Amino acid sequence: MMESPTIKLALKGYSKLNLSVADSRLPITLLLLEQIVNAFSSTISSDCHRRLMKAMCAIAFFAALRVGEITFRSGQSSKNVIQLNQISFLASTNGESSAIKLTLRFFKHSNSTQTIDILLHKSQPIGPVTTIAKYLSVRRHLSGPLFCWPDNSQVPKSQFVNSLNRDLSFCSLETDWYKTHSFRIGAALWAAALGFSDLQIRRIRGWKSNTLLKYIKDPFPTISRPLAQTSRDIFS
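Keep in mind the model is a prediction, meaning the values are calculated, not measured.

Each value, and the rule that gives it
- Residues numbered from 1 in each chain as written.
- Predicted model: local features only at pLDDT ≥ 70, side-chain atom pairs only at ≥ 80, totals over all residues.
- Heavy atoms only, no water.
- Helix = DSSP H or I, 4+ residues; strand = E, 2+ residues; numbered from the N terminus.
- Buried < 20%, exposed > 50% of the residue type's maximum accessible area, 1.4 Å probe, protein only.
- Contact = heavy atoms within 4.5 Å.
- Pairing = 2+ DSSP bridges.
- Axes fitted to C-alpha atoms, helices over the stretch in contact; angles between N-to-C directions.
- Phe/Tyr/Trp six-rings, centres within 6.5 Å; stacked < 30°, edge-to-face > 60°.
- Expected span 1.5 Å × (residues − 1).
- Core = buried A, V, L, I, M, F, W, Y, C linked by side-chain atoms within 4.5 Å.
- Polar contact = N/O pair within 3.5 Å; in protein donor to acceptor, adjacent residues only side chain to side chain.
- Salt bridge = Lys/Arg side-chain N within 4 Å of Asp/Glu carboxyl O.

A.B. asks: Got a minute to help me understand the overall build of the protein chain in this structure?
C.D. replies: Tallying secondary structure elements over the protein chain gives 9 helices and 3 strands in all. Reading the protein chain from its N end, one meets helices and strands in the order α-α-α-β-β-β-α-α-α-α-α-α. When each of the 236 residues of the protein chain is scored for burial, the buried share is 43%. Of the contacts made within the protein chain by residues no fewer than 6 positions apart, 63% connect residues no fewer than 24 positions apart.

Below, the structure written as structure tokens:
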């Protein structure tokens, strides 16, 4: 009886409403993100693949993305997968790229008229703008999904997860605890530590359930004032 899809779905919904139900997934923090990104130099031999994974992990954290927005899964609609034309580089007064604007058109809980613009700044930790620019410099096609293989095919979720898990194991991080959603959890914690309320975070990246409160109800580490000043714009 417990194997019934209806019962499983009901239990999943209950766990989102019940704050006492613990979430076993741990957040990928800024420090862990840096460790993970740097470790790809040791776990991936292909330069193109390495740049791809670094960019995917950086944007997953800094834009608080769901894995279904950067990867494809067979049997699931691909309309939520971010396309190349959904990002644009913003130049500073000296003409250099200082930020990336990511426009989300389709995402979980969205409607046909709703879009979200997210700014990624060059001054942020890990350098998401530089990381993504390095990946795009070896991307051969001018259209299609933002993240793709050299033949312009979408990146399956399974391939992203396999590459991430190898990297996590290399970093001595438990793959049972750190999942693709750990980037999004870490982003929520980061935003909360920067002073954003749970309501603001909900509006920014579409949390509709009480799940968010599970992630941000615990005390947060102190973030230095200079880091906070250069980081707040990501959630503006």
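From this point on, the discussion continues.
A.B. asks: What should I look at first to understand unusual backbone geometry in this one?
C.D. replies: Note: most residues except glycine have negative phi, and most peptide bonds are trans. We note that A64 has phi near 50°; this positive angle belongs to a residue other than glycine. Looking at the secondary structure, you find A64 in the loop between α3 (47–62) and β1 (87–91). The class for A64 is buried, based on a relative accessible area of 0%. Not every positive phi belongs to a glycine, and S172 is a case in point at roughly 60°. You can see S172 is positioned in the loop between α5 (157–170) and α6 (181–193).

A.B. asks: So what exactly am I meant to see when it comes to the sheet that holds β1 here?
C.D. replies: Pairing in this open sheet of 3 strands is antiparallel, and the strands run β1-β2-β3 from one edge to the other. Edge positions in the sheet fall to β1 and β3 (116–121), since each has one partner strand and no second. Averaged over neighbouring strand pairs, the angle between their axes works out to 25° when direction is ignored. Of the strand pairs in this sheet, β1 and strand β2 (residues 97–104) are connected by 5 bridges, and their pairing is antiparallel. Looking across to β2, one finds that I87 is bridged to L102.

A.B. asks: In this structure, what is going on with the packing of aromatic side chains? I would like to understand it.
C.D. replies: Working definition: an aromatic ring pair is given by the centre-to-centre distance plus the angle between the planes. For the coordinates displayed, the defined rule picks out 4 aromatic pairs. Between F61 and F62 the ring centres are 5.1 Å apart and the planes differ by 80°, which places this aromatic pair in the edge-to-face class. Comparing F61 with F62, the two get one shared label, buried. Of the aromatic side chains, those joined through ring pairs into one cluster are F61, F62 and W190.

A.B. asks: Before we go on, may I ask you to explain α6 in this structure?
C.D. replies: With 13 residues, α6 extends 19 Å from end C-alpha to end C-alpha; this agrees with the ideal 18 Å at 1.5 Å per step. Across the 13 residues that make up α6, a large majority, 12, are buried. Every buried residue of α6 is listed here: H181, S182, F183, R184, I185, G186, A187, A188, L189, W190, A191 and A192. With its phi angle positive at about 105°, G195 sits one or two positions after the end of α6.

A.B. asks: Even after reading the chapter, I still don't get the nonpolar core, so can you show me in this structure?
C.D. replies: Generally speaking, nonpolar side chains in soluble globular proteins are found buried as a group. Grouped together as the largest cluster of nonpolar side chains are 50 residues, with contacts concentrated most on I59, L102, L120, F147, F160 and F183. Here this core takes 9 residues from α3, the largest share from any one element. Discounting chain neighbours no more than four positions away, the residues touching F183 are I28, L33, C57, A60, F61, F160 and L164.

A.B. asks: I keep staring at the side chain of Q86 and nothing clicks. Help me out?
C.D. replies: Looking at where Q86 falls in the secondary structure, it is placed in the loop between α3 and β1. When its relative accessible area of 7% is taken as the criterion, Q86 is described as buried. Only 2.9 Å separates the side chain of Q86 from the backbone nitrogen of Q83, close enough to count as a polar contact. Excluding residues within four positions of it along the chain, Q86 makes contact with V81, K101, L102, T103, L104 and R105.

A.B. asks: Please explain the pattern of salt bridges as it appears in this structure.
C.D. replies: Summed over the entire model, instances satisfying the criterion amount to 2 salt bridges. Here D47 makes a salt bridge to R50, at a shortest N to O gap of 3.5 Å. With D47 and R50 both in helix α3 and 3 residues apart, the pair spans about one turn of that helix. For D47, a relative accessible area of 34% translates into the label partly exposed. For R50, a relative accessible area of 18% translates into the label buried. Ionic pairing is found between D47 and R51, a salt bridge with its closest N-O pair at 3.0 Å. Of the two residues, D47 and R51 both sit in helix α3, 4 residues apart, roughly one turn of that helix. Taken together, the shared-partner salt bridges connect D47, R50 and R51 into one network.

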